[in-house]
Amino acid sequence: GLGDVYKRQHLNPVAVSDQPGEVFIKFNDQHTGESHVTSDGDGTCVQSIVLDHYVQTHRLSDITMLKMDVEGFELTALRGLSDTLRERKVGAIYFEYCEPWLQRHHDPSDVFAFLRDVGYECFFCREADLKRYGGQTHRLAPDSGGEIMLTTIEGHALPEATDLLALPNGIAKSCLLYTSDAADD
């Protein structure tokens, strides 16, 4: 049950990066969701770790879901997980796409190029996005039951901000949708 999930959690008071060391985080006490890693050394110095090393050190055989909310530092954090991703040890990555925040550190398209290179594809997963982009193109049927409807980001202009789901290639199955018009033909 849900209690088991909490038992398996462990809080690590560190930042994640593509190399061990330190990063600077500018904290916003008024709106913690705007706190972010800075490139100019402004902010509080925080120890950073590489997630590949963490996975190896803690002998994690798989990660069902990785939720990332690092305010534009996604690519750097994901690069620190590249071996684990190539080994397909991460079942899903749920992350916030916010173009202005990503631009603090790199071109936003670099996140998608990296994910493609390590064998992951990205999907819209919010109901409003599925509607905006013409309905679901894929579905994910977890072992726990139910289905999650998704729309590939390929061929679509991304909104300035949304939530996305990255899955190992081939995990989400394409689905052919029939409209009432098609059924009448």
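Residues numbered from 1 in each chain as written. Predicted model: local features only at pLDDT ≥ 70, side-chain atom pairs only at ≥ 80, totals over all residues. Heavy atoms only, no water.

## Observations regarding the sheet that holds strand E10 (residues 161-168)
Taken together, the seven strands give an open sheet; going across it, the order is E5-E6-E10-E7-E9-E8-E11, and neighbouring strands pair in mixed fashion. Each having just a single partner strand, strand E5 (66-68) and strand E11 (173-174) make up the two edges of the open sheet. With two bridges connecting them, strand E8 (residues 138-140) and E11 associate as antiparallel partners. Counterpart to arginine 139 in the pairing with E11 is lysine 173. Where helix H6 (residues 109-117) meets the sheet, it contacts strand E6 (93-98), strand E7 (120-124) and E10, and its direction lies at approximately 160° from that of E6. (Pairing = 2+ DSSP bridges. Helix = DSSP H or I, 4+ residues; strand = E, 2+ residues; numbered from the N terminus. Contact = heavy atoms within 4.5 Å. Axes fitted to C-alpha atoms, helices over the stretch in contact; angles between N-to-C directions.)

## Focus on unusual backbone geometry
Although it is not a glycine, glutamate 71 adopts a positive phi angle of roughly 50°. Structurally, the position occupied by glutamate 71 is in the loop between E5 and helix H3 (74-79). In this structure glutamate 71 comes out as buried when scored by relative accessible area, which is 7%. Although it is not a glycine, arginine 88 adopts a positive phi angle of roughly 60°. As for its position among the elements, arginine 88 is in the loop between helix H4 (82-86) and E6. Under the relative-accessibility criterion, arginine 88 is labelled partly exposed at 43%. (Buried < 20%, exposed > 50% of the residue type's maximum accessible area, 1.4 Å probe, protein only.)

## Some remarks on the packing of aromatic side chains
In this structure the tally under the stated criterion is two aromatic pairs. On the numbers, 4.3 Å between centres and 10° between planes, the contact of phenylalanine 124 with tyrosine 133 is stacked. Taken as a pair, phenylalanine 124 and tyrosine 133 share a single burial class, namely buried. (Phe/Tyr/Trp six-rings, centres within 6.5 Å; stacked < 30°, edge-to-face > 60°.)

## Regarding the nonpolar core
Of all hydrophobic cores here, the largest spans 31 residues; its most connected members are Leu78, Leu85, Val90, Ile93, Phe95, Leu115 and Tyr120. Within the residue set of this core, elements represented by two or more residues are helix H2 (51-57), E5, H3, E6, H6, E7 and E10. Apart from residues lying up to four places away in sequence, isoleucine 93 is in contact with Leu66, Met68, Leu78, Leu85, Leu115, Tyr120, Leu164, Leu165 and Ala166. Listed in part, the seven residues of the second largest apolar core include Leu140, Leu150, Leu167 and Ala172. (Core = buried A, V, L, I, M, F, W, Y, C linked by side-chain atoms within 4.5 Å.)

## Here's the deal with the pairing of E6
Bridge analysis of E5 against E6 gives three bridges, and the strand direction is parallel. Bridge pairing in E6 places methionine 68 opposite phenylalanine 95. Note: E6 against E10, six bridges, orientation antiparallel. When the sheet's bridge partners are listed, tyrosine 97 is paired in E10 with threonine 162.

## Some points on the confidence of the model for the protein chain
Chain-level statistics for the protein chain give a pLDDT mean of 86 and a share of 90% at 70 or above. Looking across the protein chain, the model is least confident in helix H8 (residues 180-184), with a mean pLDDT of 39, and most confident in H4, with 97. Residue range residues 177-185 is modelled with pLDDT below 50. Its contacts to residues more than four positions away, or to other chains, number one contact. (pLDDT = per-residue confidence, 0-100.)

## Thoughts on the pattern of salt bridges
If you walk through the whole model with that rule in mind, you get six salt bridges. Across the pair lysine 89 and glutamate 87 runs a salt bridge whose closest N-O atoms are separated by 3.3 Å. Glutamate 87 sits in the partly exposed class, given a relative accessible area of 49%. (Salt bridge = Lys/Arg side-chain N within 4 Å of Asp/Glu carboxyl O.)

## A word on the sheet that holds strand E3 (residues 36-38)
The four strands lie next to each other as E1-E4-E2-E3, forming an open sheet whose pairing is mixed. Every interior strand has two partners, whereas the edge strands, strand E1 (15-17) and E3, have only one. Strand after strand, the sheet turns through a mean of 55° between neighbouring axes, direction not considered. Inspection of the sheet shows E1 paired to strand E4 (residues 44-50) by three bridges, in the parallel sense. The residue of E4 that forms the bridge with valine 16 is isoleucine 49.

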